[in-house]
Structures are given as C-alpha cells and as structure tokens.
Amino acid sequence: MAVLEILTYPDERLKLTSDPVERFDQRLLSFIRDMEDTMRAGPGSVGIAASQVGRNIRVVIVDVSGKPDIKNHGKLTLVNPEIIQWDGLAVGREGCLSVPDYTGNVIRAEKIVVKAQDETGGQCEYEMEGFEARAAQHEIDHLDGLLFLDRLVSRRNDLFRRKVYKRSKHVNPGESNQEG
Ligand code: NI
C-alpha cells in the first residue's frame, strides 16, 4: 500500500494538461493501485485523478458506490477518458482532495456517456447520471488542469468553508456552521 502525496491548490502543477496513456504495462497498474490507496485514505473520497498526485497522465478513478442510494458502476478506472455525450444540467456541491478546506456549488451535465480504456487498454463506455456523472466530470476536469474552483459561477455565493471537525483548538466559531 502506498499513499501518495496530494497536491493542493494553488499548486501550479494542478493546472497542467495531462498526456494520454500509451503504454499499458505493470508500471501503470502499480501506479493505479497507489492512486486507489491514496483515494481511499482521503475522507469520503469518491474519485482521484493522476494529476493530483503529480503524474500528468490521463487516468482517473471514480467510485461513488459508498454513498447510499446512488446509481453507479462500482469502482471505475478510466484511462484516456472522453465525454462523448452530455444531457441536462444540475447544480451540486463538490469537494476535492486538492482543495481540502472548501466545497463549492458547480453546474454539471446531469447525464453523460464516457468512453475510456480500462487499466489493461480495453475499450469501454459508460452511461452515467447524477452523482456518478458529476464525480466523473470533476475528475476528468483535473486532466485538463481544471479544479471545481474554476467552475464556480460566483466565488462569493458558491464557495463554502468546510466545518473544522478535529485537531484544532483554534476553531473560529463563526466558521463552524457554514456548510449546508
Ligand atoms: Ni478533485
């Protein structure tokens, strides 16, 4: 098990565009395992992109199966993912391992079709909707150097400081109940 270091905003490396994966080998598989370990180590994480751990290759993992009552495909490793269809729009709250202190309201397509390769190079296609579609769009954005912060309509109205649950004796009481 290897938990990798997560780059956090405003690290400039999060803005890089990632390159397609061309070689499907043992090294890729082992990197993907490390990505998954890193995602699982984060509190309530539903996805991770390679660029968040400093590797600029087009690989993401999405797994919303831990949330109750959500339509999903289980854990998906998407290599070279491409969204080929969009339908509808919805606003929803997002968080990100690279933006640990905030969540934000972001508009995303409600339903998408994603074409990708799996970790051994096989072609696959998924129809996603709701929270899973949102998570996939968020992760694929990382591969193009975008964070949810870049998608907010208004920083003033759509950005929320997370509650501070632990550790700090210096919690600012004014900030303890801002998240909806
Ligand atoms: Ni993220």
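Please clarify how the overall build of the chain should be interpreted in this entry.
Within the chain, the regular secondary structure consists of three helices and six strands. Mapped in sequence order, the helices and strands of the chain form the string α-β-β-β-β-β-α-α-β. Relative to the compact-globule value of 16 Å for 180 residues, the chain shows a C-alpha radius of gyration of 16 Å, a close match. Taking the principal axes of the C-alpha coordinates as reference, the chain spans close to 50 × 35 × 30 Å. Restricting the contact set of the chain to residue pairs at least 6 apart, pairs at least 24 apart contribute 64%. As displayed, the chain offers around 10,300 Å² of accessible surface, 46% of which is attributable to carbon and sulfur atoms.

What is the right way to look at helix H2 (residues 130-143) in this model?
For an α-helix the count is 3.6 residues per turn, leaving residues at separations of three or four pointing the same way. Its 14 residues place the ends of H2 21 Å apart at the C-alpha level, agreeing with the 20 Å of an ideal helix rising 1.5 Å per residue. Within H2, 12 of the 14 residues are buried, which leaves the element mostly enclosed by the surrounding structure. Among all positions of H2, only Glu-132, Ala-133, Arg-134, Ala-135, Ala-136, Gln-137, His-138, Glu-139, Ile-140, Asp-141, His-142 and Leu-143 are buried. Against strand E1 (47-49), strand E2 (59-62), strand E3 (76-94), strand E4 (102-117) and strand E5 (123-129) lie the buried residues of H2.

Help me understand the pattern of salt bridges in this model?
It is possible for side chains of opposite charge to pair when their charged atoms get near one another. One pass over the full model with this rule turns up 11 salt bridges. Salt-bridge contacts for Asp-63 lead to Arg-40; the nearest nitrogen and oxygen are separated by 3.0 Å. Of this pair, Asp-63 sits in the loop between E2 and E3 while Arg-40 sits in helix H1 (residues 26-41), and the two are 23 residues apart along the sequence. Arg-40 gets classed as partly exposed once you look at its relative accessible area, which sits at 43%. Notably, a salt bridge pairs Asp-144 with Arg-58, separated by 3.0 Å at the nearest N-O pair. Taken together, the residues span a long stretch of sequence, with Asp-144 in the loop between H2 and helix H3 (155-158) and Arg-58 in the loop between E1 and E2 at a distance of 86 residues. By relative accessible area, Arg-58 is classed as buried at 13%. Salt bridges linked by common partners bring Glu-94, Arg-108, Arg-134, Asp-141 and Arg-151 together as one network.

Help me understand the side chain of Asp-63 in this model?
Overall, Asp-63 belongs to the buried group, its relative accessible area being 7%. In terms of polar contacts, Asp-63 uses its side chain to reach the side chain of Arg-40, at 3.0 Å. Ignoring sequence-local partners within four residues, the contact set of Asp-63 consists of Met-39, Arg-40, Ser-45, Val-46, Gly-74 and Lys-75.

Could you clarify how one ought to interpret the packing of aromatic side chains in this entry?
Each aromatic ring pair is specified by the distance between its two centres and by the angle formed by the two planes. Summed over all chains, the structure comprises zero aromatic pairs. Over the aromatic face of Phe-31 sits the side chain of Arg-55, whose NZ or CZ is 4.5 Å from the ring centroid. Its guanidinium or amino end placed over the ring of Phe-160, Arg-93 lies 3.7 Å from that ring's centre, counting from NZ or CZ.

Conventions adopted
- Residues numbered from 1 in each chain as written.
- Predicted model: local features only at pLDDT ≥ 70, side-chain atom pairs only at ≥ 80, totals over all residues.
- Heavy atoms only, no water.
- Helix = DSSP H or I, 4+ residues; strand = E, 2+ residues; numbered from the N terminus.
- Rg over C-alpha atoms; globule rule 2.2 N^0.38 Å.
- Contact = heavy atoms within 4.5 Å.
- Areas by Shrake-Rupley, 256 points an atom, 1.4 Å probe, with all protein chains shown as cover.
- Expected span 1.5 Å × (residues − 1).
- Buried < 20%, exposed > 50% of the residue type's maximum accessible area, 1.4 Å probe, protein only.
- Salt bridge = Lys/Arg side-chain N within 4 Å of Asp/Glu carboxyl O.
- Polar contact = N/O pair within 3.5 Å; in protein donor to acceptor, adjacent residues only side chain to side chain.
- Phe/Tyr/Trp six-rings, centres within 6.5 Å; stacked < 30°, edge-to-face > 60°.
- Lys NZ or Arg CZ within 6 Å of the ring centre and 35° of its normal.

Limitation: the analysis is restricted to geometry and does not speak to function.
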